[in-house]
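Read off the chains here:
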There are 2 protein chains.
Amino acid sequence: MTWWQTDETHEASLTSWVPGAAGHPVFPVQNLPFGIFSFENAEPRAGVAIGDAILDLRAVAELGLISPAAAAACGEATLNALLALPAHERRALRTALSKLLCDAAQRPAIEPLLRPSATCVLHLPARIGDYTDFYVGIHHANNIGRQFRPDNPLLPNYKHVPIGYHGRASSIRVSGVPLVRPKGQRKAPDADAPTYAPTARLDYELELGVWIGAGNALGEPIPVAEAGDHIAGFCLLNDWSARDLQAWEYQPLGPFLAKNFHSTISPWVITPEAMAPFRQAQPARPEGDPAPLPYLFDATDQAHGALALTLEVFLSTREMREQGTAPHRLSRGPASNMYWTVNQIVAHHASNGCNLQPGDLLGTGTISAPEREGFGSLMELSIGGKEPIALPNGQSRSFLEDGDEVILTATASREGYASIGLGECRAVVLPAT
Amino acid sequence: MTWWQTDETHEASLTSWVPGAAGHPVFPVQNLPFGIFSFENAEPRAGVAIGDAILDLRAVAELGLISPAAAAACGEATLNALLALPAHERRALRTALSKLLCDAAQRPAIEPLLRPSATCVLHLPARIGDYTDFYVGIHHANNIGRQFRPDNPLLPNYKHVPIGYHGRASSIRVSGVPLVRPKGQRKAPDADAPTYAPTARLDYELELGVWIGAGNALGEPIPVAEAGDHIAGFCLLNDWSARDLQAWEYQPLGPFLAKNFHSTISPWVITPEAMAPFRQAQPARPEGDPAPLPYLFDATDQAHGALALTLEVFLSTREMREQGTAPHRLSRGPASNMYWTVNQIVAHHASNGCNLQPGDLLGTGTISAPEREGFGSLMELSIGGKEPIALPNGQSRSFLEDGDEVILTATASREGYASIGLGECRAVVLPAT
């Protein structure tokens, strides 16, 4: 059993006794993602999503139904200890939970431990030690590079180095928390001097997040063949960006205030075990591209390291909500548009001995498809604001306006398996203070 | 009383009854820095350096000699709670400790709570949530910029924006912990392809660290006039850098693996209260430079915001230690070579609403003097490796070799006041694994 191998917990025929779980488009019993939730006056605790309910793992642990190591991890107010569990412990917990939720004989004991999701509050799943954002969406890199550096969109290192940079951990918020439009320095190319004002080019970025499980000691790289063992889950990530701040500040040390004012993640940690059926071969590199250096190459990773996910972005303006209009889909595309696998970015991150820790979060960078329907940011969709997007209700957008809500979703499907979702990553833009 | 105003705890005539404290060049009773230490089998706890001893603050708190808020903060295994204290609480604690250590009547009660520093182990003073590195040393920016971009050393934003970027919190280690030479991708300009190998251009960077005290809520900027209240202390910071990795990876998103393999800080948090006598006017900007935008300008900060510190870097090679040769001073220069004050970098960091938290660490960036004697890195001293530095024992260095130890120190002096030091920031380079 390894990160890409399926077991009995994936069988499409598995049916949970939880009402509404069978055929649930996001959280069937084949998913079983972990999160932190609270209800009424109870303190935040670990839970598992099943259908439209959340199973209280602290309560399950108190019944003595899971292993002592898993029970201890489930008793905390963050998932850090659970993420740190060895992969075999995490898999054993998954198997145990799958059985509890499918075996009708367990229903009397377990059903009282379910809470309707609609009555619960979801929290950040982990205390995020360090957050790193990568740049593996090659079509995004090309699109955005063309706007920042028309003569030089893709730099010479791109196909050799999984480019990444450190982001801000403190300002990551869970789905649903509104963001405040940031102020900052910006300077139009023809202006004499910069001004400090609310951003006029607020954007979203469609990314996947990767949760680190077991860490590595400082000074000890993680071989790419072992990188999968260090990944404890996946989520959606919106890397909100202020493009005018970014253009003015980003040289020579990279994006800073253009990004660190707020990032939004989906609340559920989708485990590698749940994603196992939805792994696929990394697309072959185009003819002429360099092969990855040996420290980034693993044949198993190349054969199974890509994620078969369909990513979608929806926009709901305040006017649309007042009109009762459904959110408008801005883009749709596959996660296979990643030039590097998630295992490669983990191995690269630790290749200099940098120590990753349980609960660290890695972003993939914006994932855009080659076609405009799959562009993962407004900067790309509106060609830097030059071609506003028409919305069905007559409104248009070059960049985000106050009151806009952006919703990211992702779905994994494969013939013969139950589809699962990553849940929602959404937030509304509030005016600058 | 504010961050630049002195009080009775600074009086040069103050004399502690602690043997060796009077006239101590680093830790006289006018300094009183906070740290985390352990001894024998005791767990890590808060302490204050005085002469060649450390006062156990947990034990002081247990005697009921300090305020309940301070006592609670001193009972933890990190300084985060102490750093988070309101400035008036921190000042009251300082005054109380100063009196306990100067009043001979207190000696019988307090002396048993002192531990000889030589018998103690120092730890990281705080759990660092986020670490941000700035780039305010304008001569460094010019020197290094000239090597990376000969035609364009100082970019157009430099004199408007306090340039900074996020660094890695997990790999920050306290003085004395050896670092492992990192491996990584590098590509010589004339090479066809990069290789993955131990860095051949390992360097140090001389920086000051700024400890954040009280934080701000997400979405709420910190006005520059209030920034001083959010700073809880200072330290020395060595931002170890692999120049060959940096040159190849840093575009377009900034330094990453070239920096995040290890950073070293001095163990003592030198408080703003201790530094109050050593504040001075920020040097006037050269004729023709733009004025700071209003959100970065505060007249009090301009009048008192600079730090009167002399910074020094020493190198001790393995051969020098075997020969019994003293460390060789590589550079010496004033901290006044900062284009932005520490209050300005704090205000800038939060100017987009980014939330700072107690225990966050900001680096100033390398502080170089205009003259070669004051260059803060080997990259500058050896002109990118082209002019090796001759050491007194006949060795030479372009970049660091295995076994080299780098030692940073800083001293604050002013006529009429007792000098204080920031302590040492040192580490030895171990071979790549």
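Described in the following lines is the structure provided in the data block. (Residues numbered from 1 in each chain as written. Chains lettered and ligands numbered in written order. Predicted model: local features only at pLDDT ≥ 70, side-chain atom pairs only at ≥ 80, totals over all residues. Heavy atoms only, no water.)

### Looking at the overall build of chain A
Point 1. In terms of helices and strands, chain A carries twelve helices and 26 strands.
Point 2. A globule of 433 residues ought to have a C-alpha radius of gyration of about 22 Å, and chain A, at 21 Å, matches this closely.
Point 3. Expressed as a percentage of the 433 residues in chain A, the buried residues total 61%.
Point 4. When the accessible surface of chain A is split by element, carbon and sulfur atoms take 53% of a total near 14,800 Å².
Point 5. Side-chain charges in chain A split into 32 positive and 45 negative, and the spacing between the mean points of these groups amounts to 4 Å. (Helix = DSSP H or I, 4+ residues; strand = E, 2+ residues; numbered from the N terminus. Rg over C-alpha atoms; globule rule 2.2 N^0.38 Å. Buried < 20%, exposed > 50% of the residue type's maximum accessible area, 1.4 Å probe, protein only. Areas by Shrake-Rupley, 256 points an atom, 1.4 Å probe, with all protein chains shown as cover. Lys, Arg positive; Asp, Glu negative; His and termini not counted. Charge placed at Lys NZ, Arg CZ, Asp CG, Glu CD.)

### A short note on the side chain of A:Thr9
Residue and element names in this part refer to chain A.
Point 1. Within the secondary structure, Thr-9 sits in the segment before β1 (34–39).
Point 2. The class for Thr-9 is buried, based on a relative accessible area of 1%.
Point 3. Side-chain polar atoms of Thr-9 contact the side chain of Asp-7, separated by 2.5 Å.
Point 4. Within the structure, the side chain of Thr-9 is placed 2.9 Å from the side chain of Arg-94, a separation counted as a polar contact. (Polar contact = N/O pair within 3.5 Å; in protein donor to acceptor, adjacent residues only side chain to side chain.)

### Let's talk about the pairing of strand β3 (residues 53–56) of chain B
Residues and elements named next belong to chain B.
Point 1. Residues Ala-53 and Leu-55 line one face of β3 and the alternating positions Ile-54 and Asp-56 line the opposite face, and both faces are buried.
Point 2. Of the pairings in the sheet, the one linking strand β2 (residues 45–50) to β3 comprises four bridges and is antiparallel in character. Residue pairing across strands places Ala-49 opposite Ile-54, the latter belonging to β3.
Point 3. The loop that links β2 with its antiparallel partner β3 comprises two residues; one of these, Gly-51, has a positive phi angle of about 60°.
Point 4. Pairing between β3 and strand β4 (residues 114–116): three bridges, direction antiparallel. Bridged to Ile-54 within β4 is Arg-115. (Pairing = 2+ DSSP bridges.)

### A look at the sheet that holds β3(B)
Residues and elements named next belong to chain B.
Point 1. The five strands lie next to each other as β4-β3-β2-β1-β5, forming an open sheet whose pairing is antiparallel. Only two strands of the sheet have a single neighbouring strand rather than two, namely β4 and β5 (120–123). Averaged over all neighbouring strand pairs, the angle between strand axes comes to 45°, with direction disregarded.
Point 2. Pairing of strand β1 (residues 34–39) with β5 involves four bridges; the strand directions are antiparallel. In the sheet register, Ser-38 faces β5, and the bridge partner there is Val-121. (Axes fitted to C-alpha atoms, helices over the stretch in contact; angles between N-to-C directions.)

### Focus: the relation of the copies chain B and chain A
Point 1. Placing chain B over chain A gives an RMSD of 0.0 Å and needs a rotation angle of 180°, together with 0.0 Å of translation along the axis. The operation mapping one copy onto its partner corresponds to a two-fold rotation axis. It is B:Gly254 whose C-alpha, among those of chain B, lies nearest the rotation axis, at 2.2 Å.
Point 2. Interface residue correspondence from chain B to chain A reaches 100%, placing this contact among same-surface, isologous pairings. (Least-squares fit on C-alpha atoms with pLDDT ≥ 70 in both. Contact = heavy atoms within 4.5 Å.)

### Thoughts on helix α11 (residues 342–349) of chain A
Point 1. Among the eight residues that make up α11(A), eight are buried, leaving the element largely enclosed by the rest of the structure.
Point 2. Listed as buried for α11(A) are A:Val342, A:Asn343, A:Gln344, A:Ile345, A:Val346, A:Ala347, A:His348 and A:His349.

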